Structure formats: C-alpha cells, structure tokens
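# Summary of structural features
Chain residues, written in single-letter form:
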Amino acid sequence: MKKKQDIKRVLLSRYQHEFIEAGCDEAGRGCLAGPVFAAAVILPNDFEHKLLNDSKQLSEEVRYELRAEIEQRAIAHAVAWCDNHEIDQINILNASFLAMHRAIAKLHLEPQFLIIDGNRFNKYGTTPHACIIEGDGKYFSIAAASILAKTYRDDYMKQIAAEHPEYNWHSNKGYPTTGHRKTVLELGHTPYHRKTFRITDPQLSIF
C-alpha cells in the first residue's frame, strides 16, 4: 500500500482583483504575557513566493529571512499592537481586531479591500472585507502579515525577557508552556502578564 503524500497548498495572490487589497493577521492571542501584535500587508498583484506560508509552518530562521523580503517587496506594510492592559480591558478578541485596525491605519497606501485571517472581524470604517479561515495558508498577503506580526512580537518578547528572565520569554515568547504556567503560579504576575487569562486554562495553546 502506497504511503499517502502530503500535497503542498499553493497560495493565491489575490482574493479579488478590482480593489487595492491588504491582508491582515495577528500573533500572540493565546499568550499569558505580552501584547497581541497585528500586521497589514499590501503586495503586488503578481506576487509569488515558493516559501511564503503561514508563519506557524516555518522555522524561525526562515520567518526572519522572509520578513526582510516582504518588507522590501511589499507595496505597503505596517505592524501595530495592543498591550496586555488593553487586552484585559476589552478582551483578547477585540484587542486583536483593534491591533489590526491600528496596523491598517498605519499603511501609507489606503487599502480598498481587506482579507482577514479567521472567521470574525470588527469592520474597519467603510472598507469592505472578507474573513478567511486559515487564510494565512491560502493567500500570500495574509501569510506575509502573519510573518511580520509573529517576528515583531518575538522581537518584543525577547527584549522584555531581560527584565524577568525567570519566565523564559526569550524561548516561550509568553505562550502558556508548562514551565511558564509553573513560574506564574510560583512567582505571580509581572506587569506584562494578562491578568484575565487563567493560568490553568487547558484551552490555552502552548504553541
């Protein structure tokens, strides 16, 4: 019996072809500490790349290599965030949407259409949008946004890790690994922790 081979998904350059389109994604929704970052990216209509994919499917080294190329080749790109205090005030879902809004607002070229990773989004002004489940594995611009959001958030977590080295943020990036949960239970929250997140919540992702 032949072993079933994985088929590599081919990403698409555009969701629609009438308007200037920006892809949006976030990073850090499931973390115990740190901000949620979001990015918005407008790519050329004919953009293609053999390696670009959902940031979770790529190694850290490849993500950083792609970040440099995305920033060089994108027509426009921007990164923004909501900190842990805002997350506690308005909840992580709304904070993710707000971070995306902030990234879109920072673009030097105004998009006319948005494609959003996921199944929900708070409308950005009057700009039409489409929500796409697993969009970071379907469209280049969303994949590019996922890489920018992920790498810039990782940079931030590595920076603040020096303030609280016992939490190992340089490695876990604030995600609820077993070690991170244990340290919070033993030492308590830092000023960067999301106090509305339950440390023992089994639904929190450890990745």
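Residues numbered from 1 in each chain as written. Predicted model: local features only at pLDDT ≥ 70, side-chain atom pairs only at ≥ 80, totals over all residues. Heavy atoms only, no water.

For the rest of this paragraph, the subject is the sheet that holds strand β5 (residues 129-132). Within the open sheet, the 5 strands sit side by side as β3-β2-β1-β4-β5. Their pairing is mixed. The open sheet terminates on both sides in strands that have one partner only, identified here as β3 (76-82) and β5. On average, adjacent strands in this sheet sit at an angle of 20° to one another, irrespective of strand direction. In terms of strand pairing, strand β2 (residues 36-42) meets β3 through 7 bridges, oriented antiparallel. From the neighbouring strand, I42 faces β3, where its bridge partner is A76. (Pairing = 2+ DSSP bridges. Helix = DSSP H or I, 4+ residues; strand = E, 2+ residues; numbered from the N terminus. Axes fitted to C-alpha atoms, helices over the stretch in contact; angles between N-to-C directions.)

Under the criterion given, the structure shown has 8 aromatic pairs. Their ring planes at 15° and their centres at 5.8 Å tell us that Y15 and F113 sit as a pair that is stacked. Pair noted here: Y15 is in the segment before β1 (21-27) and F113 is in strand β4 (residues 113-117), with a separation of 98 residues, a long-range link. Judged by centre distance (5.5 Å) and plane angle (75°), the ring pair of F47 and F140 falls under edge-to-face. One end of the pair, F47, is in the loop between β2 and α1 (60-73); the other, F140, is in helix α4 (residues 140-161), with 93 residues separating them in the sequence. For F140, a relative accessible area of 5% corresponds to the buried category. Put simply, the rings of Y15, F113 and Y139 pair up and form one aromatic cluster. (Phe/Tyr/Trp six-rings, centres within 6.5 Å; stacked < 30°, edge-to-face > 60°. Buried < 20%, exposed > 50% of the residue type's maximum accessible area, 1.4 Å probe, protein only.)

Once that is clear, we can look at the pairing of β5. Along β5, the buried face is formed by A130 and I132; none of H129 and C131, which line the opposite face, is buried. Note that β4 and β5 share 4 bridges and pair parallel. Counterpart to I115 in the pairing with β5 is A130.

Another aspect to go through is the side chain of R67. Tracing the sequence through the fold places R67 in helix α1. R67 gets classed as buried once you look at its relative accessible area, which sits at 14%. Ignoring any residue separated from it by four or fewer positions in sequence, one finds R67 in contact with I147, L148, T151, Y152 and D155. (Contact = heavy atoms within 4.5 Å.)

Moving on, we come to unusual backbone geometry. You will see that N91, though not glycine, has its phi angle at about 80°, which is positive. A relative accessible area of 39% means that N91 is categorised as partly exposed. Phi angles above zero are rare outside glycine, and E134 is one such case at about 55°.

Below, the discussion takes up the confidence of the model for the protein chain. Across the protein chain, the average pLDDT comes to 92, with 92% of residues at or above 70. Of the regions scoring below 50 in pLDDT, residues 1-7 engages in 0 contacts with residues more than four places distant in sequence or in other chains. (pLDDT = per-residue confidence, 0-100.)

It is the contact of α1 with α4, at a shortest axis distance of 9 Å, that shows an interaxial angle of 115°. The two elements α1 and α4 meet at a crossing, and its hand is left-handed. Counted together, E60, R63, Y64, L66, R67, I70 and E71 of α1 and A144, I147, L148, K150, T151, Y152, D154, D155 and K158 of α4 form the full contact between these two elements. Split into classes, the residues belonging to the contact of α1 with α4 amount to 7 nonpolar, 1 polar and 8 charged. (Left-handed = near helix turned anticlockwise from the far one by under 90°. Nonpolar A, V, L, I, M, F, W, Y, C, P; charged D, E, K, R; others polar.)

Attention now goes to the side chain of N172. Within the secondary structure layout, N172 lies in helix α5 (residues 169-172). Judged by relative accessible area, N172 falls into the buried class, the value being 9%. Within polar-contact distance, the side chain of N172 engages the backbone oxygen of Y167 at 2.9 Å. The residues contacting N172, other than those within four sequence positions of it, are Y167, T177 and H180. (Polar contact = N/O pair within 3.5 Å; in protein donor to acceptor, adjacent residues only side chain to side chain.)

Next up on the list: the environment of H17. By secondary structure assignment, the location of H17 is in the segment before β1. C-alpha of H17 to C-alpha of I104: the two residues are 87 residues apart in sequence and 19 Å apart in space.

Time to look at the pattern of salt bridges. Side chains that carry opposite charge are capable of pairing whenever their charged atoms lie near each other. Tallying each qualifying case throughout the model produces 8 salt bridges. For the salt bridge of D54 with K56, the shortest nitrogen-to-oxygen distance reads 3.2 Å. Salt bridges here are not isolated pairs; linked through shared partners, they connect D54, K56 and D136. (Salt bridge = Lys/Arg side-chain N within 4 Å of Asp/Glu carboxyl O.)

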